Amino acid sequence: MDAVVILALVAALVVVFLVASTVRIVPQARRYNIERFGRYRRTLQPGLNLVVPVADRINTKLDVREQVYSSDPRPVITEDNLVVNIDTVLYYQITDPRAAAYEVADYLQAIDQLTVTTLRNVIGSMDLEETLTSREEINSRLRAVLDDATGKWGIRVNRVEIKAIDPPHTIKEAMEKQMRAERDKRAAILHAEGERQAKILTAEGTKQKDILEAQGAQQAMILRADGEAKAVELVFQAVHRNNADPKILAYKYLETLPHLANSDNNTFWVIPGELTEAVRTVTRAFGDQSAGAPGATAAPEEAAGARTDGGAGEGRTPELDAGWTASFDAAAAADEAGKQAAAAVSDAKAEAEAAKSPQTPRRGPASAG
């Protein structure tokens, strides 16, 4: 009885082992290479698969998703004999599990060595400056070479990127100095350009200011001249409209004389020659008024004789003293001329009033002898 139970248990275990060896479950994005008696048989796809127990076995399990491989920094010599360390990042995907397992022993090592060799060939034809600025070109050339070589390995290289390019420390210092000098140069150029623009704008502003001030002064002078012209025109029209005779004009002329020396800058003032003529005109005007009164013929002559400088005779017109010179300053000369003009006018008015008054003694023609 015990032997039968033991045999049954052994048979059951053998059946379970055979069933377990027959069924293979492959996860998604995985591929299993099956060998039968050491020879490649087939590649199991994701899901439930049946194999022959004992005869079939799984050789390699591969992941067909896109994978990333980062290589270590490798020294590369540029065209200008500078050693730089370059590390790359590789994006690849297994497209043929059989070729990846049987065409190459270690596809990662093969890809790494091929990348380094191709990178040295590419960088060796470039100088440092071109290497630092031509990453896209380097990536394209690396991808073309790797894609062509790894195609028979059942691997597709999707992208190759240069992660870092590290030049020597001395080269870094030289590059930093060069960059600093270039930035200082650009800063100096920008500063000079800013000052130039500022000076140009300041000059344009000053020019515009001077133009506007000149135009304003011109307009002010034009308006002032127009105002003076209109004032003169109005005065002229008023004079002609009122029919002013030379007597009034001569009187106004005498009134204006004291104002000629009011300026502080006048240090010498010349008495115009028309002064005696103006005084004579005013005197004659008041003399004509006195002559119109009855019995006033001899009064002006007597009064005029009394005003002469030494009794030179009757009927002489009052004039400025010939011995008076213009040696005084401007203010004294103006005051003197005003006093003489005022004296002449007051004398003429006094004679006219005396001629009109009945108490004033008259000198007839009989008393003239």
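Being a predicted model, the structure only gives us computed values, none of them experimental. (Residues numbered from 1 in each chain as written. Predicted model: local features only at pLDDT ≥ 70, side-chain atom pairs only at ≥ 80, totals over all residues. Heavy atoms only, no water.)

Caption draft 1: Seen up close, the overall build of the protein. When helices and strands are tallied, the protein shows ten helices and nine strands. Going through the 369 residues of the protein one by one, you find that 26% of them count as buried. Partitioning the intrachain contacts of the protein with sequence separation of at least 6 by distance along the chain shows that 65% fall at a separation of at least 24. Carbon and sulfur atoms make up 56% of the accessible area of the protein, which totals about 24200 Å². (Helix = DSSP H or I, 4+ residues; strand = E, 2+ residues; numbered from the N terminus. Buried < 20%, exposed > 50% of the residue type's maximum accessible area, 1.4 Å probe, protein only. Contact = heavy atoms within 4.5 Å. Areas by Shrake-Rupley, 256 points an atom, 1.4 Å probe, with all protein chains shown as cover.)

Caption draft 2: Expanded view of the confidence of the model for the protein. Looking at the protein, the pLDDT average stands at 75 and 66% of residues meet or exceed 70. Across residues 290–331 the pLDDT falls below 50, and counting only partners more than four positions away or on other chains, this stretch makes 47 contacts in the model. Below pLDDT 50 for its whole length, residues 359–369 participates in six contacts with residues either more than four positions away or in separate chains. (pLDDT = per-residue confidence, 0-100.)

Caption draft 3: Molecular detail of helix α3 (residues 107–123). With 17 residues, α3 extends 24 Å between its outermost C-alpha atoms, agreeing within 8% with the 24 Å of an ideal straight helix rising 1.5 Å per residue. Among all positions of α3, only Y107, A110, I111, D112, T115, V116, T118, L119, V122 and I123 are buried. Structurally, the start of α3 carries an N-cap: the backbone nitrogen of L108 is 3.3 Å from a side-chain oxygen of D106. (Expected span 1.5 Å × (residues − 1). Polar contact = N/O pair within 3.5 Å; in protein donor to acceptor, adjacent residues only side chain to side chain.)

Caption draft 4: Just the nonpolar core, in detail. Core analysis: the largest hydrophobic core is formed by 27 residues, its most contacted members being I86, L90, L119, I138 and I155. Sorting the residues of this core by element identifies β8 (83–94), α3, α5 (135–150) and β9 (155–166) as the ones contributing at least two each. Sequence-distant contacts of I138, defined by excluding residues within four places in its chain, comprise L119, V122, I123, M126, T131 and I162. Grouped together as the second largest cluster of nonpolar side chains are five residues, Y32, I34, L44 and V51 included. (Core = buried A, V, L, I, M, F, W, Y, C linked by side-chain atoms within 4.5 Å.)

Caption draft 5: Geometry of α5. Taking 1.5 Å of rise per residue, the 16 residues of α5 would be expected to cover 22 Å, and the 22 Å separating its terminal C-alpha atoms lies within 8% of that figure. Within α5 the residues assigned to the buried category are I138, N139, L142, L146 and T150. Looking straight down α5, one finds that the buried residues subtend no more than 95° of arc, so they occupy a single side. Turned more than 90 degrees away from the buried face of α5, the exposed residues are E136 and D148. Tucked inside the fold, the buried residues of α5 contact β8, α3, α4 (128–133) and β9. (Arc of directions from axis to C-beta.)

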